[in-house]
Amino acid sequence: MTRLIAALALAFTASATFAADEIKEINFGIISTESSANLKDAWEPFRADLEKKFGMPVKPSFASDYAGVIEAMRFKKIEMAWFGNKSAVDAVDRAGAEVFAQVVDADGQAGYHSWIIVRNDSPIQTLDELFAKGKDLNFGMGDPQSTSGTLVPGYYVFAKRGVKPEEAFKRTTSAKHEANALSVVAGKLDAATFNSEAFFRLQKTNAEKAGMIRKIWESPMIASDPLCIRKDLPAEFKAKAKEIFVGYGKTDAEKATIAVLKWSGFRPSTDAQLLPTRQLILAKKKAELENDATMSADDKKAKIAELDKQLAELQ
């Protein structure tokens with residue numbers, strides 16, 4: 001029996017070592033917040049540093065939308081990824097991911113904010129004015145998986161008012177943060193979702209157009225973005241990844257490298273970071289149910305009771 005256990009332990013160790021040796025390059029998923037060209041330029045110095053620290057090629061993977069990065073992790077096309085909190089929930093639940101680190105903002109803040117923006121010369125000053133004129137306006141939401149572009153404003157701006165974006169405006173579109181801002185500047189959209197981090201990057205890439213937008217609403221703080229890694233990767237590789245990221249940003253050179261991303265470093269994190277986002281997802285669903293006039297009272301009561309149960313379990 002002792003020999004059997006020893007043999008199994010040896011086989012497991014050999015298997016883990018072989019699995020680690022099989023990682024010849026790292027494919028890093030990057031959520032699509034703006035054009036791939038802008039993201040590539042912003043990420044390239046950091047990617048090059050990671051390549052040196054890991055001692056193997058690090059290849060960025062840009063998908064056309066957030067769902068593409070989630071699916072890439074699900075089908076093991078990428079090893080690690082930068083997500084927003086909402087997309088990370090789906091990556092953890094559906095794509096075998098786990099949170100291992102969290103971004104630290106350039107100013108040391110614990111998070112960022114979702115915005116609703118208009119052009120500087122827009123007569124709209126408040127959300128009440130936005131909704132009052134909604135049937136004559138074109139509005140831009142974010143990617144469906146975006147925390148700041150869809151989930152947060154979807155709850156605080158729309159669900160709490162008992163309205164749906166597609167019903168509140170003449171036309172409602174869905175796009176990346178950068179695309180929304182540029183569409184507002186160009187007059188193609190009257191208002192759109194955006195966020196404080198995307199505004200910082202737009203100031204760097206196109207200061208003139210950044211100066212042409214104005215926020216009319218700001219959300220409560222959203223937790224800084226998580227970094228995820230595949231759960232099925234060897235423990236030693238995951239430990240190395242965590243050590244590299246958490247140790248990054250300690251020197252002036254490294255701080256300068258990630259300053260363009262509005263980051264100053266990383267802190268350790270786990271899936272527990274996603275708890276407030278999970279609560280917000282359920283709260284949004286509950287608010288939408290409460291405002292649904294098409295559902296029978298019994299069905300509504302049953303569905304709300306189920307959501308309340310899920311919220312209680314999250315506590």
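Above this text is the structure in question.
Residues numbered from 1 in each chain as written. Predicted model: local features only at pLDDT ≥ 70, side-chain atom pairs only at ≥ 80, totals over all residues. Heavy atoms only, no water.

A positive phi angle, close to 60°, is found at Lys 76, a residue other than glycine. Within the secondary structure, Lys 76 is located in the loop between α3 (66-74) and β3 (80-82). The class of Lys 76 is partly exposed, set by a relative accessible area of 48%. Backbone geometry at Lys 262 places phi at a positive 65°, although glycine is not the residue there. Along the chain, Lys 262 falls in the loop between α12 (252-259) and β13 (263-268). With a relative accessible area of 12%, Lys 262 lands in the buried category. (Helix = DSSP H or I, 4+ residues; strand = E, 2+ residues; numbered from the N terminus. Buried < 20%, exposed > 50% of the residue type's maximum accessible area, 1.4 Å probe, protein only.)

Okay, the pattern of salt bridges next. Two side chains with opposite charge may pair up if their charged atoms get near one another. Inspection of every chain in the model, using the stated rule, returns 19 salt bridges. Through salt bridges with shared partners, one network takes in Lys 76, Glu 79, Arg 230 and Asp 232. (Salt bridge = Lys/Arg side-chain N within 4 Å of Asp/Glu carboxyl O.)

So, on to the environment of Arg 74. As for its position among the elements, Arg 74 is in helix α3. Linking Arg 74 and Ala 95, residues 21 residues apart in sequence, is a C-alpha distance of 3.9 Å.

Among the nonpolar cores identified, the biggest contains 72 residues, and Trp 43, Phe 46, Phe 54, Met 80, Phe 83, Leu 130 and Phe 245 are the most heavily contacted of them. With 6 residues, helix α2 (residues 36-54) is the single largest residue contributor to this core. Those residues in contact with Leu 130 that lie beyond four places of it in its chain are Ile 116, Ile 124, Leu 137, Phe 139, Phe 169, Ala 191 and Ile 216. Listed in part, the 13 residues of the second largest apolar core include Trp 115, Val 184, Leu 202 and Ile 213. (Core = buried A, V, L, I, M, F, W, Y, C linked by side-chain atoms within 4.5 Å. Contact = heavy atoms within 4.5 Å.)

Here the focus is the sheet that holds β13. Sheets are built from strands paired through backbone hydrogen bonds, the pairs being either parallel or antiparallel. Taken together, 6 strands build an open sheet; the order of strands is β2-β1-β3-β12-β4-β13 and the sheet is mixed. Each edge of the open sheet is held by one strand with a lone partner, namely β2 (58-62) and β13. Strand-to-strand twist of the sheet, defined as the mean angle between neighbouring strand axes without regard to direction, takes the value 30°. Of the strand pairs in this sheet, strand β1 (residues 26-30) and β3 are connected by 3 bridges, and their pairing is parallel. Bridging across to β3, Ile 30 finds its partner in Trp 82. Across the sheet, α2 is in contact with β1, β2, β3 and β13; its angle to β2 comes to roughly 155°. (Pairing = 2+ DSSP bridges. Axes fitted to C-alpha atoms, helices over the stretch in contact; angles between N-to-C directions.)

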